[in-house]
Amino acid sequence: MSLPPDPDARMDLPDHDLVDRDATRDSEAAAADHDHLVAHEMHPLAIRWMHWVNFPLLFIMMWSGLRIYWANDIYVAGIGTWEFFAFFPKQFYEVLDAPFKLAKGMAFHFSFGWLFALNGLAYVTYLAISGQWRHLVPDRRALTVEAPQVVAHDLHLRDEAPPQGRYNAAQQVTYTLVILMGALVVASGLAILKPTQATLLTTLLGGYEFARFLHFASFIGFALFFVLHVLQIARAGLGNFLSMITGYVLESRAADFDPQRRRGDDREPPTSDDSSTPTTEVPA
Amino acid sequence: MTPDDPTPNDPTDAATTDSNGTGETLDERAARLQARAHEGRTLSRDDYRATSRRAFLGGAVGVAAGVAGFRWVQTQEHVDGIPAVLRRGHEFNADLWRTIAPADASAPEYPLAAAEDLRRNGRAGIRDEIDLDAWSMRVEGPDGELLDEVVLDDVMSLPAVEMVTLHKCIEGWSQVAHWTGVRFADFAERYASRIGDAQYVALETPDEGYYVGLTREDSLHPQTLLAHGLGGEPLTQDHGAPLRLYTPNHYGIKSLKRIGLIRFTRDRPRDFWAERSYDWNSHL
């Protein structure tokens, strides 16, 4: 998944001269001096705060969750009777100070869990009310056609990146799945926390033991997401990373993003070819 | 339109596939996504500098507050092995769920065929075998006065109850088990006039090596049993013969084996595992 500042990920308008673009890119970048740089909004303040609040909370939940899991670490990855590997090696637990810390793990998990859930709830509520969900939720084409294309592009199996908005199609799919996984991790957590007092929830999630499995599976899902997310952020460059702090990305050609121009029909495409000019990653 | 018209919407352009079943061409889609990506405010470079500075300062304050908050949790006074605030977290959870859960919330019951051979876990309070024929149990009132000295026949004379429920260990494993016993509520009814306003029940093994506390409300739950049989047989000594507490609505740590004393009390009783960092309530 390429993130916006990757110049190749920006769409090519049909009237754009591909030959010229490659030839002029360097000179354009050079010409993009301070007067031509403009910052346009990427992440609203609320989303940035909730994103960064979530980071340590998710870490605390995963760490304290491991201390709980250690006391009965029954899950293995395998097919049929063939056991691929068990979660987790002894050294892994020891590094994380998990052995014999069940009670402390529970103490942290069941208090910080509320902060994690409330932050997630606030995030989803904000997405819904602000309309920001439109950037995040993939439409049918993004889901079925473009997301695989983005993956193929990232793996260098495909030259062109499909068109994208704030996030590319693969990002949309991933981020939406992570939100759904957040809902699952909270629901399955409550189901195994209170199998009597929240019996209905526990039953809906397939019973106590299956809900515990779902809770663990979503833990693994979050761990995999975290690794992927960090790798992609590293790939996407500093400008993209900083935008989650400052809220803005620096781009060249102020005219392109002149709000006056976009005030009308937002379906009307920019009429110049400038939108495909490279972005500047480092806000010098 | 003429074929050389460079308008992006030109239907003669290659990308005319209906993108989403909406009649929109791929070019229109690309333009719409592009426009959406550039929604939001646009800042001049100077404003961006100021905004970034504010964002980084705000972020630094946030990080400092987060670190200070976590240090505060970790370094504050510990109560029975965990930070006091996390103890309050456990109490908050117990109060909350007591409030929102249906009053008659009960652990699901299973068909008899589902019952398993229950694992033994922990020997505190029952390390040595006892002479079952010589066993008796003290019952004490709120002021420590002796209410009764009970032998097994006194208990067996109450209506027998069978229950097949999921036993849930705080370590994370669970097994379906078949219990035989009498309702604690039926037993406590004998002393109703002498219990007064005692809000808790304390139970201890004869050697006082293991002890638990229950709220009066939880002790009167119809699934809270004084159990004398497991798997259709009388209890074995390692499962707490001749008489033990059994509740499927708490982690197994509350189901004290081999009762030596039952005390109705006003003050919250000490609890073996709560003194060792676990949640006093351990309610499910």
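Please read these numbers as outputs of a predicted model, since none were measured by experiment.

Moving on, we come to the overall build of chain B. Each helix and strand counted, chain B has seven helices and 13 strands in total. Compactness check: chain B gives a C-alpha radius of gyration of 32 Å against a globular reference of 19 Å for 284 residues, more than 25% above the reference. Principal-axis analysis of the C-alpha atoms gives chain B an extent of 105 × 50 × 35 Å. Taking all 284 residues of chain B together, the buried fraction comes to 50%. Of all intrachain contacts in chain B linking residues separated by at least 6 positions in sequence, the fraction that spans at least 24 positions is 65%. Roughly 13400 Å² of accessible area belongs to chain B as shown, and the carbon and sulfur atoms make up 52% of that amount. With 31 positive and 46 negative side-chain charges, chain B shows a spacing of 7 Å between the two charge centroids.

What follows covers the sheet that holds strand β5 (residues 146–150) of chain B. All names here are of chain B. Pairing in this open sheet of five strands is mixed, and the strands run β5-β4-β13-β8-β9 from one edge to the other. Where the open sheet ends on each side, the last strands, each with one partner, are β5 and β9 (211–215). This sheet shows a mean twist of 15° between the axes of neighbouring strands, independent of strand direction. Note that strand β4 (residues 137–140) and strand β13 (residues 261–265) share three bridges and pair parallel. By the bridge assignment, Arg 138 is partnered in β13 with Leu 261.

The subject of this paragraph is a negative patch on the surface. All names here are of chain B. On the surface, Asp 128, Glu 129, Asp 207 and Glu 208 cluster together to form a negatively charged patch. Position of Glu 208 among the secondary structure elements: in the loop between β8 (200–204) and β9. Given the relative accessible area of 48%, Glu 208 is considered partly exposed.

Turning to the interface of chain A and chain B, a few remarks are in order. Note: interface size is frequently given as the accessible area lost on complex formation between the parts. At the interface, 66 residues of chain A touch 67 residues of chain B. Buried surface at the junction of chain A and chain B, both sides included, amounts to about 6200 Å², of which 60% is carbon and sulfur. Joining chain A to chain B, the criterion identifies three salt bridges. For B:Arg41, the salt bridge goes to A:Glu41, with nearest N and O atoms at 3.1 Å. With ten residues, helix α4 (residues 102–130) of chain A is the single largest residue contributor to the side of chain A that touches chain B. Class assignment of the residues belonging to the side of chain A that touches chain B gives a composition of 36 nonpolar, twelve polar and 18 charged. Strand direction decides the pairing type here: strand β1 (residues 37–41) of chain A and strand β1 (residues 42–43) of chain B, joined by two bridges, are antiparallel. Within β1(B), the residue paired with A:His40 across the bridge is B:Thr42.

A few words on the packing of aromatic side chains. The tally for this structure, following the rule as stated, stands at 34 aromatic pairs over all chains. Ring centres of A:Trp52 and A:Phe241 lie 6.1 Å apart, and the angle between their planes is 80°; on these two criteria the pair is classed as edge-to-face. Taken together, the positions of A:Trp52 in helix α2 (residues 45–70) and A:Phe241 in helix α10 (residues 238–246) put the pair 189 residues apart, joining distant regions of the chain. A:Trp52 gets classed as partly exposed once you look at its relative accessible area, which sits at 29%. When its relative accessible area of 33% is taken as the criterion, A:Phe241 is described as partly exposed. Each ring, one from B:Tyr200 and one from B:Trp280, has its centre 5.8 Å from the other, and the planes form 90°; the classification is edge-to-face.

Residues and elements named next belong to chain A. There is a patch of nonpolar side chains on the surface, built from Phe 55, Phe 226, Val 227, Val 230 and Leu 231 and spanning about 460 Å² of accessible area. For the nonpolar patch, the element with the most residues is helix α9 (residues 208–236), which contributes four residues. Residue position: Val 230 is located in helix α9. Judged by its relative accessible area of 42%, Val 230 is partly exposed.

Attention now goes to the environment of A:Ile245. Along the chain, A:Ile245 falls in helix α10. Remark: the alpha-carbon pair of A:Ile245 and A:Thr174, spanning 71 residues in sequence, is separated by 21 Å. Residues contacting A:Ile245, with those up to four places away along its chain left out, are A:Arg48, A:Trp52, B:Ala55 and B:Phe56.

About the criteria used
- All residue numbers here refer to positions counted from 1 along the written sequence of the relevant chain.
- Starting at A for chains and at 1 for ligands, labels are handed out in the order in which the entities are written.
- At least 70 in pLDDT is required for a residue's local features to be given in this predicted model, at least 80 for side-chain atom pairs to be given and counted, and no such filter applies to totals for whole chains, interfaces and linings, which use all residues.
- Remark: hydrogens and water are excluded; side-chain values derive from all non-hydrogen atoms of the structure.
- Working definition: helices are DSSP H or I runs of at least four residues, strands are E runs of at least two. Numbering for both runs from the N terminus.
- The atom set for the radius of gyration is the C-alpha atoms, and the globule formula is 2.2 Å times the number of residues raised to the power 0.38.
- Here's how the labels work: a residue is buried when its accessible area is under 20% of the maximum for its type, exposed when over 50%, partly exposed in between, all with a 1.4 Å probe on protein chains only.
- When checking whether two residues touch, look at their non-hydrogen atoms; a contact exists if any pair is within 4.5 Å.
- Using a 1.4 Å probe, accessible areas were evaluated by the Shrake-Rupley method; residue-level cover was limited to the displayed protein chains.
- When charges are tallied, Lys and Arg are placed among the positive residues and Asp and Glu among the negative ones, while His and the ends of the chain are skipped.
- Where a charge lies is defined by one atom per residue type: Lys uses NZ, Arg uses CZ, Asp uses CG and Glu uses CD.
- Criterion used throughout: strands pair if DSSP finds at least two bridges between them.
- Each axis is a line fitted through C-alpha atoms, and for a helix only the stretch in contact is used; angles between axes span 0 to 180 degrees, taken between their N-to-C directions.
- Exposure above 30% relative accessible area and no salt bridge define the residues that can form patches, which grow by joining like charges within 9 Å and nonpolar side chains of Val, Leu, Ile, Met, Phe, Trp and Tyr within 5 Å.
- Think of a salt bridge as a Lys or Arg side-chain nitrogen and an Asp or Glu carboxyl oxygen that are within 4 Å of each other.
- Accessible area that two parts lose when put together, evaluated with a 1.4 Å probe and summed over both, is termed the buried area.
- Charged means Asp, Glu, Lys or Arg here, nonpolar means Ala, Val, Leu, Ile, Met, Phe, Trp, Tyr, Cys or Pro, and polar covers whatever is left, Gly included.
- To pair, rings of Phe, Tyr and Trp, with the six-membered ring standing in for Trp, must have centres within 6.5 Å; the planes then decide the type, stacked if under 30 degrees apart, edge-to-face if over 60, and tilted in the middle.

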